[in-house]
Amino acid sequence: MLLVTGVNGGLGALVLERLAKLPGGLDGVVAGSRTPDRTPVAGVPVRTVDFDRPGTLAEAFTGIRTLLLISAGYGEDDVVVARHRAAIEAAERAGVRHVVYTSLSGDGDHLGYAAAHRWTERRLRASTTLSWTILRNGLYAELLGVLAAPDQDGVITAPLGDGGLAAVARADLAEVAATVALAPAGHAGRVYELVGEQAIGGADVAAALGRATGRPVAYRPATLAEAREAVAASGAAPFQVPMVLSTYSAVAHGFLDGRQLDNALPALLGRAPRPALDVIAGGAGAAR
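Residues numbered from 1 in each chain as written. Predicted model: local features only at pLDDT ≥ 70, side-chain atom pairs only at ≥ 80, totals over all residues. Heavy atoms only, no water.

Chemist: What is the right way to read the packing of helix 1 (residues 10-21) against helix 6 (residues 170-182) from this model?
Modeler: For any two helices packed against each other, the geometry comes down to the angle between their axes and how far apart the axes lie. Where helix 1 contacts helix 6, the two axes come as close as 8 Å, and the packing angle between them is 60 degrees. In this view, helix 1 runs oblique relative to helix 6, as classed from their interaxial angle. Considering only the axes of helix 1 and helix 6, their crossing is right-handed. In this structure, helix 1 contributes G10, L11, L14, V15, R18 and L19 to the contact, and helix 6 contributes R170, A171, L173, A174, E175, A177, A178 and L182. Across the contact of helix 1 with helix 6, the residue classes tally to ten nonpolar, one polar and three charged. (Axes fitted to C-alpha atoms, helices over the stretch in contact; angles between N-to-C directions. Helix = DSSP H or I, 4+ residues; strand = E, 2+ residues; numbered from the N terminus. Parallel < 35°, antiparallel > 145°, perpendicular 65-115°, else oblique. Left-handed = near helix turned anticlockwise from the far one by under 90°. Contact = heavy atoms within 4.5 Å. Nonpolar A, V, L, I, M, F, W, Y, C, P; charged D, E, K, R; others polar.)

Chemist: Honestly, the packing of aromatic side chains in this entry has me stumped. Any pointers?
Modeler: Working definition: an aromatic ring pair is given by the centre-to-centre distance plus the angle between the planes. Tallied over the entire structure, the rule returns one aromatic pair. Between Y74 and F239, the aromatic rings sit 5.3 Å apart at their centres with planes inclined by 85 degrees, giving edge-to-face as the arrangement. Here the residue Y74 occupies a position in the loop between strand 4 (66-69) and helix 3 (77-94), and F239 occupies one in the loop between helix 8 (224-233) and helix 9 (240-252), the gap between them amounting to 165 residues. A relative accessible area of 55% places Y74 in the exposed class. (Phe/Tyr/Trp six-rings, centres within 6.5 Å; stacked < 30°, edge-to-face > 60°. Buried < 20%, exposed > 50% of the residue type's maximum accessible area, 1.4 Å probe, protein only.)

Chemist: Before we go on, may I ask you to explain the pattern of salt bridges in this structure?
Modeler: In a structure, side chains of opposite charge can pair up when their charged atoms sit close to one another. As enumerated under the stated definition, the model contains 13 salt bridges in all. For D109, the salt bridge goes to R118, with nearest N and O atoms at 2.7 Å. A residue is classified by how much of its surface remains accessible, and D109, at 47% relative accessible area, is partly exposed. Note on R118: relative accessible area 17%, which makes it buried. Overlapping salt bridges, with partners in common, bring together D109, R118, E121, R125, R136 and E193 in one network. (Salt bridge = Lys/Arg side-chain N within 4 Å of Asp/Glu carboxyl O.)

Chemist: How do you make sense of the nonpolar core when you look at a structure like this?
Modeler: The biggest cluster of nonpolar side chains holds 37 residues, and the ones touching the most others in it are L144, I156, L160 and V205. Broken down by element, this core gets its largest block of residues, six residues, from helix 9. Among the nonpolar cores identified, the runner-up in size contains 28 residues, and L2, V41, L194 and L269 belong to it. (Core = buried A, V, L, I, M, F, W, Y, C linked by side-chain atoms within 4.5 Å.)

Next comes the structure, spelled out in structure tokens:
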């Protein structure tokens, strides 16, 4: 059996929906969630999986052969590491054979949320009972659409400088995760970099949104200090402020353009990835 965790999150829900579209894709699939009463796909067995309550994991992992571990990144590093440690240890005790883990792209080490991902990768490599596959996901196009959203005057003030992000459609990452998790043996011991094929910046987003909405959109980046004040005033949790600022800074300074990575996304998809600007513009057009 295959257990997919976090199925009520953005990525996990798309993985489950992708599996549902494949011939026999939901046969032997179990959904895992802290809120098992509201899964996105009907007819799938659901188990309570709450990494903050490790006692739920022994029963949840019983009979599971493959675990698709969707990273539980909402929290400080020590919280996220504790969640992932609990999941991996429970998987080892339950006799799970293979863990597919959704990590962070290899160019993301300057980000304020990289440490927990790298710790989890290291812990999986150290396991003496689990085989593993690491999916190093790039940052979502959908996230860039939020971080570079224009204000009511049609101005993008995100401090992205002249940098670009190799943003990737979340649906593409979900498709890869589903494909790998259904046949993990062929991907054992592999680390896949999964990023977009084009680095896009603030000016690119402004142009795409202008075309999608029919209204002019300008890009006039603020400073990181100004952005820090805005994020803090937005109601973000304290730990989220440095995470967002590190993302802006890494993009602005050219660390996330994907050029230094051996991108496996097209090969694993078997087609060209969805253009990130189309994803961003599509969201803007749907919101009109």
